[in-house]
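# Per-entry structural report
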Amino acid sequence: MKYESQRIAYWFFATCMLLFGLQLVYGFIMAFAHAGLDGLHDIIPFHTARAVHTNLLVMWNLCGFMGAAYFIVPEESERELYWPKLAVVQLVAFVAVGVTAVIGFHFSWWEGRKFLEIPRPLDYLVVVDVLLFIANIGMTILKGKRITTTASVLFFGLLMAALLYLPGMIPTDNQTQDSYLRWWVVHLWVEGVWELIMGGILAFLLIKLTGIDREIIEKWLYVIVGLTFLSGILGTGHHYYYIGTPSYWLWIGGIFSALEPLAFLGMAMYGITMARKGGRKHANRTALAWTVGCCVMSFVGAGFLGFAHTLPQVNMYTHGTLVTAMHGHMAFWGAYAMLVLAIITYAMPLLTGRKLYDRPGAAFAFWTSNIGMIAMTLAFGIAGVTQVALERRMGMDFLAVQEEVEVHFWGLILAATLFTLGITAFIVNFIQHGLPKGDVEATLGGAAPDESTDTSDDDGAVAAADPVEA
Amino acid sequence: MLSKSSARMFFLVGTALCAVAFILLTLDTFQQIPGQTNQDELSPAAIRGKHLFDSSNCMGCHTILGEGAYYAPELTRVYDRRGPEFIAAMLRDPAAMYPGRRRMEQYDFTEEQISDLVAFLEWVGKMDLNGFPANPPLAANAGVAAAPDDGRPAIFGQMCTACHAVGGRGGSVGPSLDGVGTRFDAEYLTRWLTDPQSVRPGTAMPDLPLTEAQVSELTAYLVTLHD
């Protein structure tokens, strides 16, 4: 850590841990309800648990991105944050809006539009809050000593994420238009501009962790985000097959969605190649594991499992079934949850001066949560495929099928318990780091060799040759 | 080989072209949505129903147009599948309709709100959705002809066949009603439809919100069902 104001990232990351933990609780409530135990129905009915579960995910991912930006941008721009105090205000406001929304959901204060349940007055506050954040980051980059590609891609991703929140607020009475605009937000976020944020954060991590020349990493960053938009923008069409929109979306969505795995495959190859060819043995191997794991799992979850049901002929039967939950869980885990956990794992030793990445708990967290998530995906997959076969193909009644697949939700609960053990270990490891402390100089000069390497100028540091082309 | 500036060009040009194409397609789609969704038939009641659907977070359990959560049934074609009487009864008292099974929230809607929601679901049910939802190709009764015109009252097709089958068509939750007129007489069936618990305590048969006229209409039909 080179700059005092990077420290604010710690509080964003701590918020992530809190919201993530809470998200899991609501996940369990839904899993038990699906398995037939809905004892909380009168207090927290399924649709409340669902709104809380998905909105907490979005909140802690965004919170992680903001924390990551506050950590990365000063280092990339080689200066302190432009308005360090504003970052604090902005976090407090963000948490206040989030807490209000989550409490509101328990009292049926919501919009009831999948993933965008936050009620309209709070939407405006979210926009204002994110604009403050964008302004802070933007000014820091503008007034910085240098403008790097990594920082620009990250900034562009965050700015577009803020702008693309707006179409979801256009009022309409037509369910189809409503749905159409909702995917402008949801799809263009997670399969569009969030991938820019992901690309920016990954590039930063790979530069730091592998020591490969910045020019090379950033060149491939352009290729990856280029592929993402090439496939992802028109790939929005896979949400427009069956909602009352023209039939040309069937082939436009089909073709461009089929290309989406390529972007994720590119991301996976990029991460793996850079990690293998990198000349620097950074001591924080756990951070590298999360970084490469993120690249690989996002390919499996978002790329491969997404492709498994985006062909229109397949989607005709899987649309609106648990198959979507299968893809959704691993996609979000791989692409965004693991990304935030990667930057946290990388940043925590630098923020707090304690290197706990070698603790058994750190490796346990990585492996247990990933194995748990793979098992969860399998459970959702089996339940989903069974639902498609019995309900959509054979015409069995919905509730009868749900009772058939209850057993798979017990499997899901077991898998989710394993996953939760892993996440608990991660949170414990986070807490053990303690609060951010020590002045910047101490971290800079008195650190262990790996840290001093880390803070040296990383540009063109180790490998001059492009490992991909070599 | 590939230089950083050509990689940047690839990103910028590719993104710009795709974004322009997407915006043009969106403009065209918005031209076509009103026709494809019969927007001229979108009544004020259906509009109120849509906003009630949202503010009640129905999508938090159900799917509509295949979108939402996977805890409760797809509602796109529910107007055709169940009919207005069934939907209204379900909204009045969901617990009565499926006793002991997965629960729906008791919303305490007014009758006006219920008819708004029914109007909304009726409108959604008529949209052109490019063939979604497909008829189940492997359904056991896929080859069975449509329900015969055997004098069945409309309410039978909406309330009873959700759980019971006649001639192989209908639900499988309750027993088949084939031959029910041979096994029971009108007096027994009337008592059964009015208060199932007094006839057979603990039965899963719901205490349906039926009017007296509906009960006698149903009974008159049921006694005609012989083996």
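Nothing here was measured: the structure is a model prediction, and the numbers come from that model.

As a further point, take the overall build of chain A. Broken down by element type, chain A carries 16 helices and zero strands. Relative to a compact globule of 470 residues, whose C-alpha radius of gyration would be 23 Å, chain A shows 22 Å and is just as compact. Taking the principal axes of its C-alpha atoms as reference, chain A extends roughly 70 × 45 × 45 Å. A burial count over chain A gives 66% of its 470 residues as buried. Sequence separation of 24 or more characterises 84% of the internal contacts of chain A that already satisfy a separation of 6 or more. Of the accessible surface of chain A, which amounts to about 15600 Å², a share of 73% is contributed by carbon and sulfur atoms.

Here we come to the overall build of chain B. Of regular secondary structure, chain B possesses eleven helices and four strands. Against the compact-globule benchmark of 17 Å for 227 residues, chain B has a radius of gyration of 24 Å, which places it well outside the compact range. Taken along the three principal axes of its C-alpha coordinates, chain B extends 85 × 40 × 35 Å. When burial is assessed residue by residue, chain B has 48% of its 227 residues classed as buried. The long-range share in chain B, meaning contacts at least 24 apart out of those at least 6 apart in sequence, stands at 59%. Element-wise, carbon and sulfur atoms account for 59% of the exposed surface of chain B, whose accessible area totals about 10800 Å².

Turning our attention to the packing of helix α7 (residues 214-235) of chain A against helix α8 (residues 248-277) of chain A. Residues and elements named next belong to chain A. Between α7 and α8, the least distance of the axes is 6 Å, while the angle of their chain directions is 160°. Classed by the angle they form, the pair α7 and α8 counts as roughly antiparallel. The chirality of how α7 crosses α8 is left-handed. Here the residues of the contact of α7 with α8 sort into 17 nonpolar, seven polar and one charged.

In this section: the interface of chain B and chain A. Residue-level contacts link 71 residues of chain B with 81 residues of chain A. Between chain B and chain A, a total of about 6700 Å² is buried, with carbon and sulfur atoms accounting for 62% of that surface. In this structure, the connection of chain B to chain A is made through eight salt bridges. Between K4 of chain B and E218 of chain A there is a salt bridge, with the nearest N and O atoms lying 2.7 Å from each other. Across the contact surface, chain B and chain A share 38 residue pairs in polar contact (both at pLDDT 80 or more). Contributing elements (two or more residues each) for the side of chain B that touches chain A: α1 (4-36), α2 (44-55), β1 (63-64), β2 (67-68) and α6 (111-125) of chain B. Ranked by residues supplied to the side of chain B that touches chain A, first place goes to α1 of chain B with 20 residues.

Moving on, we get to the packing of helix α3 (residues 84-105) of chain A against helix α4 (residues 120-142) of chain A. All names here are of chain A. Following both chains from N to C, one finds α3 and α4 inclined at 160°, their axes separated by 10 Å at the closest point. Classified by the interaxial angle, the pair formed by α3 and α4 is roughly antiparallel. Pair α3 / α4 crosses with left-handed handedness. In this structure, α3 uses L86, A87, Q90, A93, F94, V97, T100 and A101 to contact α4, whose residues at the interface are L122, L125, V126, D129, L132, F133 and N136. Grouping the constituent residues of the contact of α3 with α4 by class yields eleven nonpolar, three polar and one charged.

Residue P133 of chain B is bonded to the preceding F132 of chain B through a cis peptide linkage, with omega at -10°. As for its placement among the helices and strands, P133 of chain B is situated in the loop between α6 and α7 (154-160).

Residues and elements named next belong to chain A. With 31 residues, helix α11 (residues 322-352) should reach 45 Å at 1.5 Å per residue; the first-to-last C-alpha distance of 42 Å fits that figure. Of all the bends found along α11, the most pronounced is centred on W333 and spans about 40°. Two residues or fewer past α11, G353 is found with a positive phi of approximately 75°.

Before going further, it helps to examine the side chain of N370 of chain A. Residues and elements named next belong to chain A. Summarising the element assignment, N370 is placed in helix α12 (residues 360-393). With a relative accessible area of 6%, N370 lands in the buried category. Side chain to side chain, N370 and W333 meet in a polar contact 3.0 Å long. In this structure the side chain of N370 is engaged in a polar contact, spanning 2.9 Å, whose partner is the backbone oxygen of F366. Filtering out sequence-adjacent residues up to four positions away, N370 remains in contact with W290, M297, W333 and M338.

All right, on to the nonpolar core then. Ranked by size, the top nonpolar core spans 196 residues in total, and within it F65, F71, W189, W194, I201 and W333 of chain A carry the most contacts. Residue-level mapping places this core at the junction of two domains, with at least three residues from each of domain 1 (11-40) and domain 2 (42-130) of chain B. Setting aside anything within four residues of it in sequence, one finds W333 of chain A in contact with F20, W290, M297, M338, L341, S369, N370, M373, F419 and I423 of chain A. The next biggest cluster of nonpolar side chains, apart from the first, holds 29 residues, and it includes F156, A162, Y188 and L210 of chain B.

For the rest of this paragraph, the subject is the packing of aromatic side chains. Under the definition given, this model contains 41 aromatic pairs over all chains. On the basis of an interplanar angle of 75° and a centroid distance of 5.2 Å, the ring pair of Y240 of chain A and W249 of chain A is categorised as edge-to-face. As far as burial versus exposure is concerned, Y240 of chain A and W249 of chain A are alike and both buried. An aromatic cluster is defined as three or more aromatic residues linked by ring pairs; in this entry it consists of F20, W60, W290, W333, F366, W367, F419 and F426 of chain A. Over the ring of Y317 of chain A we find R393 of chain A, and its NZ or CZ is 4.6 Å from the ring centre. Note that R102 of chain B overlies the ring of Y71 of chain B, its terminal NZ or CZ placed 4.1 Å from the centroid.

This part covers the state of the cysteines. Joining two cysteines, a disulfide is a covalent bond between their sulfur atoms. Under the criterion given, the structure shown has zero disulfides over all chains. With no disulfide of its own, C16 of chain A has C63 of chain A as its nearest cysteine by sulfur position, at a separation of 4.5 Å. Left without a disulfide partner, C160 of chain B is nearest to the cysteine sulfur of C163 of chain B, which lies 9.0 Å away. A residue is classified by how much of its surface remains accessible, and C160 of chain B, at 11% relative accessible area, is buried.

Turning to helix α9 (residues 186-194) of chain B, a few remarks are in order. All names here are of chain B. Where α9 is concerned, the buried positions are Y188, L189, W192 and L193. Down the axis of α9, the buried side of the element spans an arc of 130°, and every buried residue falls inside it. Looking at the buried side of α9, the elements it contacts are α8 (180-183), α10 (196-199) and α11 (212-222).

A few words on a nonpolar patch on the surface. Taken together, the side chains of W251, I255, L259, L262, L265 and M269 of chain A present a nonpolar region at the surface, about 590 Å² in accessible area. Inspection of the secondary structure assignment puts M269 of chain A in helix α8.

Quite often, the size of an interface is put as the accessible area lost when its parts meet. You can read the domains of chain B as domain 1 (11-40), domain 2 (42-130) and domain 3 (154-222). Computed over C-alpha atoms, the centres of domain 1 of chain B and domain 3 of chain B are 50 Å apart.

As a further point, take the pattern of salt bridges. Counted according to the given criterion, the structure contains 24 salt bridges over all chains. Here R103 of chain B makes a salt bridge to D42 of chain A, at a shortest N to O gap of 4.0 Å. Taken together, the residues span two chains, with R103 of chain B in the loop between α5 (94-97) and α6 and D42 of chain A in the loop between α1 (8-34) and α2 (46-77). The class of R103 of chain B is partly exposed, set by a relative accessible area of 35%.

Conventions we followed
Residues numbered from 1 in each chain as written. Chains lettered and ligands numbered in written order. Predicted model: local features only at pLDDT ≥ 70, side-chain atom pairs only at ≥ 80, totals over all residues. Heavy atoms only, no water. Helix = DSSP H or I, 4+ residues; strand = E, 2+ residues; numbered from the N terminus. Rg over C-alpha atoms; globule rule 2.2 N^0.38 Å. Buried < 20%, exposed > 50% of the residue type's maximum accessible area, 1.4 Å probe, protein only. Contact = heavy atoms within 4.5 Å. Areas by Shrake-Rupley, 256 points an atom, 1.4 Å probe, with all protein chains shown as cover. Axes fitted to C-alpha atoms, helices over the stretch in contact; angles between N-to-C directions. Parallel < 35°, antiparallel > 145°, perpendicular 65-115°, else oblique. Left-handed = near helix turned anticlockwise from the far one by under 90°. Nonpolar A, V, L, I, M, F, W, Y, C, P; charged D, E, K, R; others polar. Buried area = accessible area lost by both parts, 1.4 Å probe. Salt bridge = Lys/Arg side-chain N within 4 Å of Asp/Glu carboxyl O. Polar contact = N/O pair within 3.5 Å; in protein donor to acceptor, adjacent residues only side chain to side chain. Expected span 1.5 Å × (residues − 1). Bend = angle between axes of the 7 residues up to and from the residue. Core = buried A, V, L, I, M, F, W, Y, C linked by side-chain atoms within 4.5 Å. Domains from an automatic or database assignment. Phe/Tyr/Trp six-rings, centres within 6.5 Å; stacked < 30°, edge-to-face > 60°. Lys NZ or Arg CZ within 6 Å of the ring centre and 35° of its normal. Disulfide = S-S within 2.5 Å. Arc of directions from axis to C-beta. Patch = residues over 30% accessible without salt bridge, like charges linked within 9 Å, V, L, I, M, F, W, Y side chains within 5 Å.

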